[in-house]
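Remarks on the overall topology
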Amino acid sequence: MKHLKGAQVVGVGKCLPQKILTNHDLETMVETSDDWISERTGIRQRHVISGSETVSTMAVAAARQAMEMAAIGPMDLDLIIMGSFTADHKLPAGACMVQAELGAKRAGAFDINSACTGFIYSLLTAAQFVKSGTCKYVLVLGSDATSTVLDWTDRNTCVLFGDGASALVLKQTEDTGVGILSQFMCTDGTGMCNLWIPNGGSRWPLTEKNIGDNRHFVSMSGKEVYRFAINALVESSHNVLAQEGLTCKDIALMVPHQANARIIQSAANRLELLDEQVYINIDRYGNTVGASVGLALCDAWHEGRIKENDKLLVVGFGAGLSWGATLIHWSLK
Ligand code: UT7
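Just so it is clear, the structure is predicted and the values come from calculations on it, not from any experiment.

Rules behind the numbers
- Residues numbered from 1 in each chain as written.
- Predicted model: local features only at pLDDT ≥ 70, side-chain atom pairs only at ≥ 80, totals over all residues.
- Heavy atoms only, no water.
- Helix = DSSP H or I, 4+ residues; strand = E, 2+ residues; numbered from the N terminus.
- Rg over C-alpha atoms; globule rule 2.2 N^0.38 Å.
- Contact = heavy atoms within 4.5 Å.
- Areas by Shrake-Rupley, 256 points an atom, 1.4 Å probe, with all protein chains shown as cover.
- Core = buried A, V, L, I, M, F, W, Y, C linked by side-chain atoms within 4.5 Å.
- Buried < 20%, exposed > 50% of the residue type's maximum accessible area, 1.4 Å probe, protein only.
- Domains from an automatic or database assignment.
- Near = heavy atom within 4 Å.
- Polar contact = N/O pair within 3.5 Å; in protein donor to acceptor, adjacent residues only side chain to side chain.
- Nonpolar A, V, L, I, M, F, W, Y, C, P; charged D, E, K, R; others polar.
- Arc of directions from axis to C-beta.
- Buried area = accessible area lost by both parts, 1.4 Å probe.
- Salt bridge = Lys/Arg side-chain N within 4 Å of Asp/Glu carboxyl O.
- Axes fitted to C-alpha atoms, helices over the stretch in contact; angles between N-to-C directions.
- Parallel < 35°, antiparallel > 145°, perpendicular 65-115°, else oblique.
- Left-handed = near helix turned anticlockwise from the far one by under 90°.

So, the overall build of the protein chain
The secondary structure content of the protein chain amounts to ten helices and 13 strands. A globule of 333 residues ought to have a C-alpha radius of gyration of about 20 Å, and the protein chain, at 19 Å, matches this closely. Across its three principal directions, the C-alpha atoms of the protein chain cover 55 × 45 × 35 Å. Nonlocal contacts in the protein chain, meaning residues at least 24 apart in sequence, comprise 77% of its contacts between residues at least 6 apart. Carbon and sulfur atoms provide 51% of the accessible area of the protein chain, an area that totals close to 14100 Å².

Next comes the structure, spelled out in structure tokens:
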């Protein structure tokens with residue numbers, strides 16, 4: 001597709017809650033072990049919100065970091081898009097609270113509920129507004145507090161997730177060769193029950209009668225999601241590479257959604273990527289859902305794993321089922 005403008009990444013940021021929950025802490029809560037969790041998932045610890053921390057407070061802190069790196073103020077923002085399924089309130093969208101707190105008085109603001117694919121879908125949506133010439137600066141956020149919708153007696157799910165937020169600033173540029181290049185999105189709603197929260201929506205609202213069923217917590221068929229996830233990462237990667245006429249050899253770093261280190265390794269093997277081409281930080285955070293991909297980008301940048309003019313393969317999957325990817329030509333100049 002021909003675009004009028006380029007969408008350059010000019011800032012990244014993150015925020016993690018203060019409180020850390022280690023695998024050893026979880027051993028005291030459910031029948032599990034540090035060995036099982038770290039061997040099967042790569043996770044060693046995760047952060048969880050406490051006190052006054054919320055999805056929007058984390059998002060605001062991450063946003064401020066990204067805006068500082070981009071050297072812009074709140075009045076520069078034309079749009080705020082937040083990938084989240086755990087906004088502070090059912091109404092309004094969490095992005096509205098972020099807009100108010102930042103004082104971004106010129107900006108529109110909305111959420112995208114694509115769970116773990118939320119950051120990528122938000123980024124791709126933001127890119128459309130920038131590349132079409134509609135917006136000059138868009139703030140992309142991913143923020144989730146999955147700890148608030150987990151059944152802490154269910155070892156199949158509670159060991160996997162963590163809370164956090166990430167942010168990225170997209171800037172309009174005349175150079176269509178930098179920033180967001182090819183893009184891919186796909187959804188298969190027939191798989192929705194493999195990863196969902198059945199109750200608490202408009203179909204089955206929460207009542208005194210059904211609250212004891214625990215169907216207002218995350219429910220997951222781990223094995224089905226595992227199989228889907230590897231294929232989703234591989235398909236999305238091939239798609240965005242093919243659009244640019246590139247191969248995995250051209251990629252400096254794959255920055256994938258962090259749900260399970262084994263999923264990432266299997267996909268990387270199928271793509272024939274070397275270890276140094278793959279970024280993994282799940283050990284520190286667990287699966288932070290909407291924040292995950294942005295957190296990985298932010299950490300990779302601060303750790304010096306991303307260099308000027310690198311091509312990044314940013315790819316993810318999640319509830320929906322949904323999956324997608326983008327290639328980023330990283331240039332801060
Ligand atoms: O962003 C998308 C979010 N979700 C995902 O990406 C999750 C995708 N799926 C996965 O990552 C993996 O399927 C899991 C990590 C969830 C599970 O790993 P697995 O290797 O597929 O384990 P399993 O479900 O086959 O379970 C193996 C055993 C079972 O015991 P038996 O039946 O062999 O006796 C489970 O009951 O491990 C048991 N088990 C646990 N043991 C200790 C399950 N959860 C735990 C646990 N601690 N937390």
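Brief notes about the nonpolar core
Soluble globular proteins tend to pack their nonpolar side chains together in the buried interior. Val 159, Phe 228, Met 254, Leu 273, Leu 313, Phe 317 and Leu 327 are the most contacted members of the largest nonpolar core, which totals 50 residues. Elements with a contribution of two residues or more to this core: strand E8 (179–187), helix H7 (222–244), helix H8 (261–270), strand E12 (311–318) and strand E13 (322–329). The element best represented in this core is H7, accounting for nine residues. Here this core gathers at least three residues from each of two domains, domain 1 (6–177) and domain 2 (180–329). In this structure, Ile 112, Phe 119, Leu 123 and Leu 124 belong to the second largest nonpolar core, which totals 33 residues.

Notes on the environment of Glu 31
Note that Glu 31 resides in the loop between helix H1 (23–27) and helix H2 (34–41). Distance in space between the C-alpha atoms of Glu 31 and Glu 68 is 44 Å, their sequence separation being 37 residues.

A few points about the site of the ligand
Around the ligand, the structure places 23 residues, and the nearest of them are Thr 32, Arg 40, Lys 223, His 257 and Asn 260. Within the backbone of Gly 222, one N or O atom sits 3.0 Å away from a nitrogen atom of the ligand. Asn 287 is positioned such that a nitrogen or oxygen atom in its side chain is 3.1 Å from an oxygen atom of the ligand. Protein coverage of the free-state accessible area of the ligand, which is 960 Å², stands at 74%. Those elements giving two or more residues to the shell around the ligand turn out to be H2, helix H6 (155–158), H7 and H8. Among the elements that line the shell around the ligand, the one with the most residues is H7, at four residues. Classifying every residue of the shell around the ligand by side-chain character gives eleven nonpolar, seven polar and five charged. Built from parts of two domains, the shell around the ligand gets at least three residues from each of domain 1 (6–177) and domain 2 (180–329).

A closer look at helix H4 (residues 94–102)
All of the buried residues in H4 are Gly 94, Ala 95, Val 98, Gln 99 and Leu 102. Axial view of H4: buried residues confined to an arc of 145°, hence all on one face. Away from its buried face by more than 90 degrees, H4 exposes Ala 100 and Glu 101. Next to the buried residues of H4 lie helix H3 (55–70), strand E4 (79–83), strand E5 (108–112) and strand E6 (137–144).

Topic: the domain arrangement of the protein chain
Splitting the protein chain by domain gives domain 1 (6–177) and domain 2 (180–329). Using C-alpha coordinates to define each centre, domain 1 is positioned 14 Å away from domain 2. Across the contact, 51 residues belong to domain 1 and 48 residues belong to domain 2. Across the domain 1/domain 2 interface, buried area totals approximately 3800 Å², and carbon plus sulfur atoms make up 64% of it. Our count for the contact surface shared by domain 1 and domain 2 stands at one salt bridge. A salt bridge links Lys 14 to Asp 299; the shortest N-O distance between them is 2.8 Å. Contributions of two or more residues to the side of domain 1 that touches domain 2 are made by strand E1 (6–15), H2, strand E3 (45–48), helix H5 (118–131), E6, H6 and strand E7 (164–173). Among the elements that line the side of domain 1 that touches domain 2, the one with the most residues is H5, at eight residues. Taken together, the residues of the side of domain 1 that touches domain 2 break down into 22 nonpolar, 19 polar and ten charged.

A closer look at the packing of H7 against H8
The contact between H7 and H8 brings their axes to 9 Å, and the two run at 40°. Taken together, H7 and H8 sit at an angle that is classed as oblique. Remark: the crossing between H7 and H8 carries right-handed chirality. Two secondary-structure elements touch here, H7 through Tyr 226, Ala 229, Ile 230, Asn 231, Leu 233 and Val 234 and H8 through Arg 262, Ile 263, Ile 264, Ser 266, Ala 267 and Arg 270. Of the residues belonging to the contact of H7 with H8, the class tally is eight nonpolar, two polar and two charged.

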